[in-house]
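Chain by chain, the residues:
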Amino acid sequence: MNTFARVFQGTAFTSRSPKEVAILQDHLFCINESGIIERVLPPGDADYEAVRDSNPVQRLAPGQYWLPGFIDLHVHAPQWAQAGTALDIPLSDWLHTYTFPLEAKFSDLSFASEVYRDLVGTLLANGTTTALYFATIHKEASLLLAEICAERGQRGLIGKVVMDDPGQTPEYYRDADAQTALADTEQFILAVKRLAPTAKQGVYPVVTPRFIPSCTDEALKGLGELAARHDTHIQSHCSESDWAHGYVRERFGKHDAFALREFGLLGDKSVMAHCNFLDDEDAALFARTGTAISHCPISNAYFANSVIPIARWLDRGVEIGLGSDLSGGFSPSLFDNARQAVISSRMLEDGVNATFPPGRRGVPESRITIDEAFYLATAGGGESLSLPIGRLAEGHAWDAQLIDTTMPGAKLPIFSASEPLHDIFQKIMYLARPEHIREVWVQGEKVHSRAPDN
Ligand code: GUN
Ligand code: FE
């Protein structure tokens, strides 16, 4: 059986492991009707020529390469409307002064539609083929975000946010009470499950307590039960800032990770954002339960003043992906976040200045390479979500971005036809912008394209 729905021929970069990028030179990628990569054939494979000659093949031009689509493990969709604003104030002030008033406006479906459509288009143009979204407390607007993902072909995992604790949330932006929050969440889950069959790439409901401080015990417990009953993904913020981490210690006498576990909120389909204050025991609990970290390096530099020793947690077997945390992080690009992940990790491991005591140079086991950051943005995200995405490999969805290093007006600095492909990969990771992302595919369908002159 050598016929396929689509066949792509070209050179691709994909993670084999956290540390190793595989360079698949001039391979054939054979996609079936469901948008899954059925075969990956290297030149020299016995079937290579037969497959190439018996299918219509999309062949890359010189200077073009395939990367897997990016997986953004933490996006606050409504906050796109304030991206880049007010990043100089502490998290709690920022939430109450800017973020909650903005999110409250998403009761207005026409405003929600305008912002969400713009965001989904922007993320696709930045190569993000899957996004794990926090929406707002409004179930209708949250469902609208799922509908927009379904329509635009992005794989969306969407949470109606729960925040019902009057102690930490303003009256104008709060679930009426725990029972209402749980009933709305369950209706939302069912509505997204009804929508899912219309989206080949998948849209998924996500149980979403905003963070422990915003939720009552009753809501947290009920959400754990809902996630188990409906087998959904779960997301929240975990040990993000001094303030949030300290608040949970005071309320429960333990760290977020252990409190979340007691409410049934950890597991293979759980993704926890930030996790700056994880200690060894918390990380071991994450590894044991299959809970993933969504690493948000740009946001962490602002709201947590913190860098996670990512290399250490990877070595301990914790699943980790990359998140933009719009708008705690200002950039919708996971290229930008991958760059920041590397830069921050280097400062943590070996940062020094004249006021440090002599001989003290940061935290060992922190530094990651750009290859590892690429893993976080792709395969690590797929593993975190327990979905077959993030790799250009057999059995995975054809979620891909076509990078053109020769775009007129935005050529990348490649001057030799014999430049090693790994060097070209690194140039792409450090220098690519949306101008270089010529096509974006999700589940075998083209969902974004860019002509050379726009
Ligand atoms: N903690 C609770 N809500 C938020 C949010 O919207 N952004 C960030 N970065 N942290 C939070
Ligand atoms: Fe966040």
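Preceding block: the structure.
Described in the following lines is the structure provided in the data block. Since the structure is predicted, the reported quantities are computational estimates derived from the model, not experimental observations.

**A short note on the overall build of the chain**
Here's step 1: In terms of regular secondary structure, the chain is built from 15 helices and 16 strands.
Here's step 2: Relative to a compact globule of 454 residues, whose C-alpha radius of gyration would be 22 Å, the chain shows 22 Å and is just as compact.
Here's step 3: Projected onto the principal axes, the alpha-carbon positions of the chain cover approximately 65 × 60 × 40 Å.
Here's step 4: The long-range share in the chain, meaning contacts at least 24 apart out of those at least 6 apart in sequence, stands at 74%.

**Section: the packing of helix α5 (residues 178–195) against helix α6 (residues 217–230)**
Here's step 1: In the contact formed by α5 and α6, the axes pass within 9 Å of each other and the chain directions differ by 20 degrees. With respect to their mutual orientation, α5 and α6 come out roughly parallel. For the pair α5 and α6, the sense of crossing is right-handed. Residues Ala 178, Ala 181, Leu 182, Thr 185, Glu 186 and Ile 189 of α5 pack against Glu 218, Ala 219, Gly 222, Leu 223, Leu 226 and His 230 of α6.
Here's step 2: Along the lines of polarity and charge, the residues of the contact of α5 with α6 split into 7 nonpolar, 3 polar and 2 charged.

**Comments concerning the site of ligand 1**
Here's step 1: Around ligand 1, the surrounding shell consists of His 76, Leu 91, Leu 95, Thr 99, Arg 210, Phe 211, His 237, Glu 240, Ser 299, Phe 303, Asp 325 and Gly 328.
Here's step 2: Elements that contribute at least two residues to the shell around ligand 1 include exactly α2 (91–104) and α10 (297–304).
Here's step 3: Looking at the shell around ligand 1, the element that brings in the most residues is α2, giving 3 residues.
Here's step 4: Broken down by class, the residue content of the shell around ligand 1 amounts to 4 nonpolar, 5 polar and 3 charged.

**Overview of the environment of Phe 100**
Here's step 1: The residue Phe 100 is located in helix α2 in this model.
Here's step 2: The partly exposed category is assigned to Phe 100, around which 19 C-beta atoms lie within 10 Å.
Here's step 3: Placed 74 residues apart in sequence, Phe 100 and Arg 174 show a C-alpha to C-alpha distance of 9.3 Å.
Here's step 4: The residues touching Phe 100, leaving out its near neighbours within four places in the chain, are Leu 95, Pro 170 and Tyr 173.

**Structural notes on the pairing of strand β8 (residues 155–162)**
Here's step 1: Of all 8 residues in β8, 8 are buried, a share of seventy percent or more.
Here's step 2: One ladder, built from 5 bridges, connects strand β7 (residues 128–134) with β8; its direction is parallel. Within the sheet, the bridge partner assigned to Leu 132 lies in β8 and is Leu 157.
Here's step 3: Handedness of the β-α-β unit built from β7, helix α4 (residues 139–152) and β8 comes out right-handed.

What counts as what
Residues numbered from 1 in each chain as written. Chains lettered and ligands numbered in written order. Predicted model: local features only at pLDDT ≥ 70, side-chain atom pairs only at ≥ 80, totals over all residues. Helix = DSSP H or I, 4+ residues; strand = E, 2+ residues; numbered from the N terminus. Rg over C-alpha atoms; globule rule 2.2 N^0.38 Å. Contact = placed C-beta atoms within 7 Å. Axes fitted to C-alpha atoms, helices over the stretch in contact; angles between N-to-C directions. Parallel < 35°, antiparallel > 145°, perpendicular 65-115°, else oblique. Left-handed = near helix turned anticlockwise from the far one by under 90°. Nonpolar A, V, L, I, M, F, W, Y, C, P; charged D, E, K, R; others polar. Near = placed C-beta within 6 Å. Buried ≥ 20, exposed ≤ 12 C-beta atoms within 10 Å, placed from the backbone. Pairing = 2+ DSSP bridges. Right-handed = clockwise from strand over helix to strand, strands pointing away.

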